[in-house]
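Coordinates in review
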Amino acid sequence: MTFVELKKTIERNKRFILSTHVNPDADAIGSELAFYYLLTELNKEVRVINHNETPYNLRFLDFDSVIEKYDPVIHDSVIAEADTYVILDLSTPNRIVSMEKSLLNFTKTKICIDHHENPDPFFVNMVGGTSYSATGEIIYDFIKKSKIVELNYKIAYQLYAAIMTDTGSFRFDRTSAKIHILIAELLTLGVDPTEVYDKIYDQSNLAKIKLLGEALTTLKLTKSKKIAYMTIRNESLERLGAVEDDVDGFVNYCLSIKGILVGILFFELKDGFKMSMRSKGKIPVNKLANEFDGGGHRNAAGSRLFKVKMKDYIKPVLERAEFYLNQ
Ligand SMILES: [Mn+2]
């Protein structure tokens, strides 16, 4: 679907439902809210309904408290009365989890705005594509090219959070000159980059940082010195008062070591364990994850195994990781 078609669809319709993926990140929440402000400028009726509650470090983005947590009793009738269902930052219906049925049953206009690979053919009206660094960048382009609304501070604030986080603070490989130019425009509209970064990233609980400290003391390299791995015992979480989500991002410390090409975090759970894998360049950690019932992308993958002991898997996983290193 082109921007021209999207603009026409918006102009023709009145009641909109917006939703995003499970465990929403700042691109998910920021894109939804930017699109919400765009639609409300045009006097549309808009409801933003998500499977999850907004994570605590992203609640500041929802300064007008518009995001609702999906409850079929309340929302199924609201969705049935809408004429347009827009999902943002995902392109496979099962990633809205409890809301999937409401989307599959929706017979009126469905629109998907996303930048992930391999969108599900279920979505006929796709906007965006993999050339975009973030869903927020698609919305920026749409606003600029269609001139559907004027860019304002509220929209710019959401788009900044979306694009800053999805580009890894402007360092991932889709960070282009164009991104920096559009970011300059967002800052001109009054967005404070120091404030947004601090609110998203510098709000950790003490327990999380203590857990990171313990994880880092377990860091080891394999014989090739190209693979770094860490282990976290379930006992540590309980003792420190940390939660499963606190472990997000720890694996990246493995890749921050000079010469390391693959990083693996082994994370023990009550009924099994989880692995997070990261790699540089062409090393396919998704293939490694596949061998252990997992999956993902070439440079970021993972797996969760039930009813097995983590210690029995560390050696075989590292051996297979060495294999992919040498492919
Ligand atoms: Mn995204």
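Each chain carries its own residue numbering, running from 1 in the direction its sequence is written. This being a predicted model, a pLDDT of at least 70 is required before a residue's local features are given, and a value of 80 or more before pairs of side-chain atoms are given or counted; all residues contribute to the totals for chains, interfaces and linings. In computing side-chain properties, one takes all heavy atoms of the structure into account and sets aside hydrogens as well as water.

**Thoughts on the pattern of salt bridges**
- Salt bridges are defined by distance alone: a side-chain nitrogen of Lys or Arg within 4 Å of a carboxyl oxygen of Asp or Glu. On inspection of all chains with the given rule, the structure shows 18 salt bridges.
- For K178, the salt bridge is made with E137, and the minimal N-O distance between the two is 2.6 Å. Residue K178 is found in helix α7 (residues 177-188), and its partner E137 is found in helix α5 (residues 135-146); the two are separated by 41 residues along the sequence.
- Since its relative accessible area comes to 3%, E137 is described here as buried.
- Where E244 meets K274, a salt bridge forms, and the shortest distance between an N and an O atom there is 3.2 Å. Residue E244 is found in the loop between α10 (234-240) and α11 (252-255), and its partner K274 is found in strand β10 (residues 272-279); the two are separated by 30 residues along the sequence.
- Relative accessibility thresholds used throughout: buried, under 20% of the residue-type maximum; exposed, over 50%; partly exposed, between the two (1.4 Å probe, protein chains only). Overall, the relative accessible area of 37% leaves E244 in the partly exposed class. A run of H or I in DSSP becomes a helix once it reaches four residues, and a run of E becomes a strand once it reaches two; helices and strands are each numbered from the N terminus.

**Some points on helix α9 (residues 206-217)**
- The terminal C-alpha atoms of α9 lie 17 Å apart, and with 12 residues this matches the ideal 16 Å at 1.5 Å per residue to within 8%.
- Every buried residue belonging to α9 is among A207, L211, L212 and A215, and all of these are buried. With its buried residues spanning 140° around the axis, α9 presents them on a single face. Seen from the buried face of α9, the exposed residues on the opposite side, beyond 90 degrees, are L206 and T217. Residue count minus one, scaled by 1.5 Å, sets the expected span of a helix. By construction, the arc corresponds to the directions joining the helix axis to the C-beta atoms.

**Focus: the sheet that holds strand β1 (residues 15-20)**
- Pairing is parallel in the open sheet, where six strands are placed in the order β3-β2-β1-β4-β5-β6. Both edges of this open sheet fall to β3 (67-69) and β6 (126-128), since each of them pairs with a single strand only. Neighbour-to-neighbour, the strand axes of the sheet open up by a mean angle of 25°, direction not taken into account.
- Any two strands with at least two DSSP bridges between them are considered paired. In terms of strand pairing, β1 meets strand β4 (residues 84-88) through five bridges, oriented parallel. Looking across to β4, one finds that F16 is bridged to T84.
- Each of β1, β2 (45-50), β3, β4 and β5 (109-114) touches helix α2 (residues 26-41); the most contacted strand, β1, lies at about 170° to it.
- Here a residue-residue contact requires only that any non-hydrogen atoms of the pair lie within 4.5 Å. Lines fitted to the C-alpha atoms define the axes, with helices restricted to the stretch that makes contact. Angles between their N-to-C directions range from 0 to 180 degrees. Contacts between α5 and the sheet are confined to β4, β5 and β6, with β5 contributing the most and set at about 110° to the helix.

**Comments concerning α5**
- Taking 1.5 Å per residue as the helical rise, α5 with its 12 residues ought to reach 16 Å, and the 16 Å between its terminal C-alpha atoms agrees with that figure.
- With 10 of its 12 residues buried, α5 lies for the most part within the structure.
- Taken together, the buried positions of α5 are T135, G136, E137, I138, I139, Y140, D141, F142, I143 and S146.
- Backbone geometry just downstream of α5 places K147 in the positive-phi region, at approximately 55°.

**Comments concerning the packing of aromatic side chains**
- Aromatic contacts are taken between Phe, Tyr and Trp rings whose centres are within 6.5 Å, Trp giving its six-membered ring; a plane angle under 30 degrees counts as stacked, one over 60 as edge-to-face, and the others as tilted. Applying the stated criterion across every chain, the model contains 14 aromatic pairs.
- Between F273 and Y313, the aromatic rings sit 5.3 Å apart at their centres with planes inclined by 50°, giving tilted as the arrangement. Residue F273 is located in strand β10, and its partner Y313 is located in the loop between β12 (300-306) and α13 (314-325); the two are separated by 40 residues in the primary sequence.
- The class of F273 is buried, set by a relative accessible area of 0%.
- Aromatic rings pair up to connect Y36, Y37, F60, F63, Y153 and Y157 into one cluster.
- We call a charge positioned above a ring when the Lys NZ or Arg CZ atom is no farther than 6 Å from the ring centre and deviates by at most 35 degrees from the ring normal. Over the ring of F323 we find R320, and its NZ or CZ is 4.3 Å from the ring centre.

**Here's the deal with the coordination of the manganese ion**
- Coordination of the manganese ion by the protein comes from D27 (OD), D89 (OD), H115 (NE2) and D166 (OD), over a distance range of 2.1 to 2.3 Å.
- Ligating atoms shown are N, O and S within 2.8 Å of the metal, or 3.2 Å for Na, K and Ca, and water is not included, meaning a site may look less than complete. The motif formed by the donor residues of the manganese ion, counted along the single chain, is D-x61-D-x25-H-x50-D. Here H115, found in the loop between β5 and β6, pairs with D166, found in helix α6 (residues 153-166); they are 51 residues apart in sequence, far enough to count as distant. The same class applies to H115 and to D166, which are both buried.

**Quick word on the sheet that holds strand β8 (residues 227-232)**
- Taken in spatial order, the six strands make up an open sheet running β7-β8-β9-β10-β12-β11, and their pairing is mixed. In the strand order of this sheet, the two ends are held by β7 (220-221) and β11 (295-296), each with one partner.
- In the sheet, β7 pairs with β8 via two bridges, with the strands oriented antiparallel. Each bridged residue has a counterpart across the sheet, and for L221 the counterpart in β8 is A228.

**Thoughts on the packing of α5 against α6**
- It is the contact of α5 with α6, at a shortest axis distance of 8 Å, that shows an interaxial angle of 140°. As judged from the angle between their axes, α5 and α6 are oblique. Contact with α5, carried on its side by G136, E137, I139, Y140 and I143, involves I155, L159, A162 and I163 of α6 and no other residues of that element.
- In this classification, Asp, Glu, Lys and Arg are treated as charged, Ala, Val, Leu, Ile, Met, Phe, Trp, Tyr, Cys and Pro as nonpolar, and every other residue, Gly included, as polar. Per-class residue counts for the contact of α5 with α6 are seven nonpolar, one polar and one charged. Roughly parallel refers to an angle under 35 degrees, roughly antiparallel to one over 145, roughly perpendicular to one between 65 and 115, and oblique to any angle outside these ranges.

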